[in-house]
Amino acid sequence: MKIFVNVEKYFCASNKTCGAKRKFCFVDPVEVPLPSKGKFYQDTNDEALKQGFISLLPMSVSEEETFTNPAYLKQGTAVRMVLDACMESDYEASRLLSFDATYLLYALRNISYGDDYTFKIQCPDCGKEYEHTVKISEVPFDELPEDAQEVYTIKLPLSKYTVRMNLSRLADDERAIRMKKNNPDVSETAIDFASHTLSITDTKGVELNPKDFIDFFAAIPALDRAEITETFKFTRNNPKVTVTCPKCGETVKPHRVCKACGTYKGKDVIKKETTK
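Residues numbered from 1 in each chain as written. Predicted model: local features only at pLDDT ≥ 70, side-chain atom pairs only at ≥ 80, totals over all residues. Heavy atoms only, no water.

Novice: Lay out the pairing of strand β9 (residues 197–201) with the relevant residues and their values.
Specialist: For β9, the buried fraction is high: four of the five residues fall into the buried class. Across four bridges, strand β8 (residues 162–166) lies against β9 in antiparallel orientation. Paired with Thr162 across the bridge in β9 is Thr201. (Buried < 20%, exposed > 50% of the residue type's maximum accessible area, 1.4 Å probe, protein only. Helix = DSSP H or I, 4+ residues; strand = E, 2+ residues; numbered from the N terminus. Pairing = 2+ DSSP bridges.)

The following block contains the structure:
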């Protein structure tokens, strides 16, 4: 799916009062469709959210400062605080699926600043930087699969232990950051797994103490790790931003010669034979 928001449509001339979160509001909230389609928000009284739509207000000066506050960024609370402040829907941001939160950050960027996003790309080979602009409304995002579950029970193939893990929510992401701070020498994968694990049962049916979750995941064989990664691979809803060749429009890695037409920065580098 893609983000479809025409920000100009929502600006109005008069001051408004939008819900209870802001005393002054200069725009109408924008209804944004969620990649999860609301499947796991049926516990709310917000009917639109149950149908897969969430209402967002653009960021204000306060939210901009939240995103640049080193303490909030270090604690991992900035995303949740900004979404809480900008969501008009009757729901706590901490309970949002991480799958949806990533999408909402792009939608919020679109609503707040417009569709064009210009950023710098650095070449990994020579270190040179150059600017690239993408249209946020054209950035592709995956939708949540129809067979997605809120909780997964996974029988690990080698250790034979059984783990129950939920789809990550923002609260789990914040927990992972705290766990990493308290366990700086543990792998991020182990901490990521532990942050959204509900239970772990050994081969005799005995549940592990939650305090041992991190050590357990740090010690599991690679085959067991792969089983968990494969189960949750669809949740990594990170958009892929590509650069196109300015001559032929083919997708090309940044700072590389286009294999389709042989040009680099508009200049012919590799001679391509033309079909007669």
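Novice: Please give an account of the confidence of the model for the protein that cites residues and values.
Specialist: Of the residues in the protein, 75% have a pLDDT of 70 or more, and the chain-wide mean is 83. Contacts for the low-pLDDT stretch residues 6–17, under 50 throughout, to residues beyond four places or in other chains number 21 contacts. (pLDDT = per-residue confidence, 0-100. Contact = heavy atoms within 4.5 Å.)

Novice: Can you explain the packing of helix α4 (residues 78–86) against helix α5 (residues 98–113)? Please cite residues and give values.
Specialist: The interhelical angle for the contact between α4 and α5, taken along N-to-C directions, is 60°, at an axis separation of 11 Å. Put simply, α4 runs oblique to α5. In the crossing of α4 with α5, the sense of the turn from one axis to the other is left-handed. Contacts between α4 and α5 involve Val79, Val82, Leu83 and Cys86 on the former and, on the latter, Ala101, Leu104, Leu105 and Leu108. Taken together, the residues that form the contact of α4 with α5 break down as eight nonpolar, no polar and no charged. (Axes fitted to C-alpha atoms, helices over the stretch in contact; angles between N-to-C directions. Parallel < 35°, antiparallel > 145°, perpendicular 65-115°, else oblique. Left-handed = near helix turned anticlockwise from the far one by under 90°. Nonpolar A, V, L, I, M, F, W, Y, C, P; charged D, E, K, R; others polar.)

Novice: Before we move on, could you go through unusual backbone geometry and cite the residues and values that matter?
Specialist: The residue Lys37 is not glycine, and still its phi comes out positive at about 60°. On the secondary structure map, Lys37 appears in the loop between β3 (30–33) and α1 (47–50).

Novice: Which residues make up the pattern of salt bridges, and what values go with them?
Specialist: Note that side chains of opposite charge can pair when their charged atoms are close. In this structure the tally under the stated criterion is nine salt bridges. A salt bridge links Lys37 to Glu143; its shortest N-O distance comes to 3.2 Å. Within this pair, whereas Lys37 is found in the loop between β3 and α1, its partner Glu143 is found in the loop between β6 (129–135) and β7 (151–155), the two being separated by 106 residues in sequence. Take Glu143: its relative accessible area is 39%, and that puts it in the partly exposed class. Of the charged contacts in the structure, one is a salt bridge between Glu47 and Lys50, with a shortest N-O distance of 3.6 Å. Of the two residues, Glu47 and Lys50 both sit in helix α1, three residues apart, roughly one turn of that helix. Bridged by salt links that share partners, the residues Lys37, Glu143 and Glu146 form one connected network. (Salt bridge = Lys/Arg side-chain N within 4 Å of Asp/Glu carboxyl O.)

Novice: So what's going on with the side chain of Asp202? Which residues, and what values?
Specialist: Positionally, Asp202 belongs in the loop between β9 and α8 (213–219). No salt bridge is formed by the buried Asp202. Its closest oppositely charged neighbour is Lys204, at 6.8 Å. Among the polar contacts listed, one links the side chain of Asp202 to the backbone nitrogen of Lys204, at a separation of 2.8 Å. Not counting residues within four places of it along the chain, the set of residues in contact with Asp202 comprises Tyr161 and Leu208. (Lys, Arg positive; Asp, Glu negative; His and termini not counted. Polar contact = N/O pair within 3.5 Å; in protein donor to acceptor, adjacent residues only side chain to side chain.)

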